[in-house]
Amino acid sequence: QVQLVESGGGSVQAGGSLRLSCAESTYIGVPACMGWFRQAPGTEREGVAVIYTKTGTTSYANSVKGRFTISQDPKNTVYLEMNSLKLEDTAIYFCAAHFRGSVCRTSPRTDYDYWGQGTQVTVSS
C-alpha cells in the first residue's frame with residue numbers, strides 16, 4: 001500500500017512562487033524514485049522533475065530548468081519549489097513514485113506505479 005498526498009497548490013501571478021509538497025506513506029519500503037508530473041487541459045501528462053531518493057540525484061524537464069527545484073527530506077517528503085512562474089505552468093500537478101531500481105527519469109510516465117490525487121496550480125497575468 002502506497003499513498004502519496006500532495007499539498008501546496010494554489011493561484012499566483014506570473015513571476016511568483018509556490019512550493020508543493022508530497023508526503024508518502026508505504027509499508028513496502030522507500031520509493032526508489034519520486035517526482036512531479038503535470039497535466040494541463042487537453043494535454044498529455046508530462047514529467048516536470050524527479051529525484052532518485054538514495055542519492056538525491058535530480059532530473060528536470062527543459063521547460064522548468066533553472067526555475068523549479070525538487071528536493072526531499074529525511075521523512076521522504078518531496079518538495080517542488082517553483083519560482084518565476086509562467087502562464088504555461090498552469091496545470092494539475094501530480095506526485096508519483098516507483099520502486100523499480102536506479103532508473104529515475106521524467107519520461108515515460110509509465111515508469112511510475114503510484115500517483116497522488118493532484119493539486120491545482122494556476123498562474124495568472
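Residues numbered from 1 in each chain as written. Predicted model: local features only at pLDDT ≥ 70, side-chain atom pairs only at ≥ 80, totals over all residues. Heavy atoms only, no water.

K.L.:
Looking at this structure, I do not really get unusual backbone geometry. What am I missing?
P.N.:
The amide bond that connects S107 to the next residue, P108, takes the cis arrangement and shows omega of 0°. Mapped onto the fold, P108 is located in the loop between β9 (91–98) and β10 (114–115). Even without being glycine, N76 reaches a positive phi, approximately 65°. Along the chain, N76 turns up in the loop between β7 (68–72) and β8 (78–82). The phi dihedral of S84 falls on the positive side, at around 50°, and the residue is not glycine. Here S84 is to be found in the loop between β8 and β9. Taking the relative accessible area as the measure of exposure, S84 reaches 43% and is therefore partly exposed. (Helix = DSSP H or I, 4+ residues; strand = E, 2+ residues; numbered from the N terminus. Buried < 20%, exposed > 50% of the residue type's maximum accessible area, 1.4 Å probe, protein only.)

K.L.:
How do you make sense of the side chain of T106 when you look at a structure like this?
P.N.:
Position of T106 relative to the elements: it lies in the loop between β9 and β10. Discounting chain neighbours no more than four positions away, the residues touching T106 are F37, G47, V48, A49, V50, S59, Y60 and A61. (Contact = heavy atoms within 4.5 Å.)

K.L.:
Help me understand the sheet that holds strand β1 (residues 2–7) in this model?
P.N.:
Paired through their backbone hydrogen bonds, the strands of a sheet run either parallel or antiparallel. Strand order across the open sheet formed by four strands is β1-β3-β8-β7, with antiparallel pairing between neighbours. A single partner strand is all that each edge strand has here, and the edge strands are β1 and β7. Neighbouring strand axes in the sheet, compared pairwise and without regard to direction, differ in orientation by 15° on average. Pairing of β1 with strand β3 (residues 18–26), which is carried by six bridges, proceeds in the antiparallel orientation. For E6, the partnering residue across the bridge sits in β3 and is C22. (Pairing = 2+ DSSP bridges. Axes fitted to C-alpha atoms, helices over the stretch in contact; angles between N-to-C directions.)

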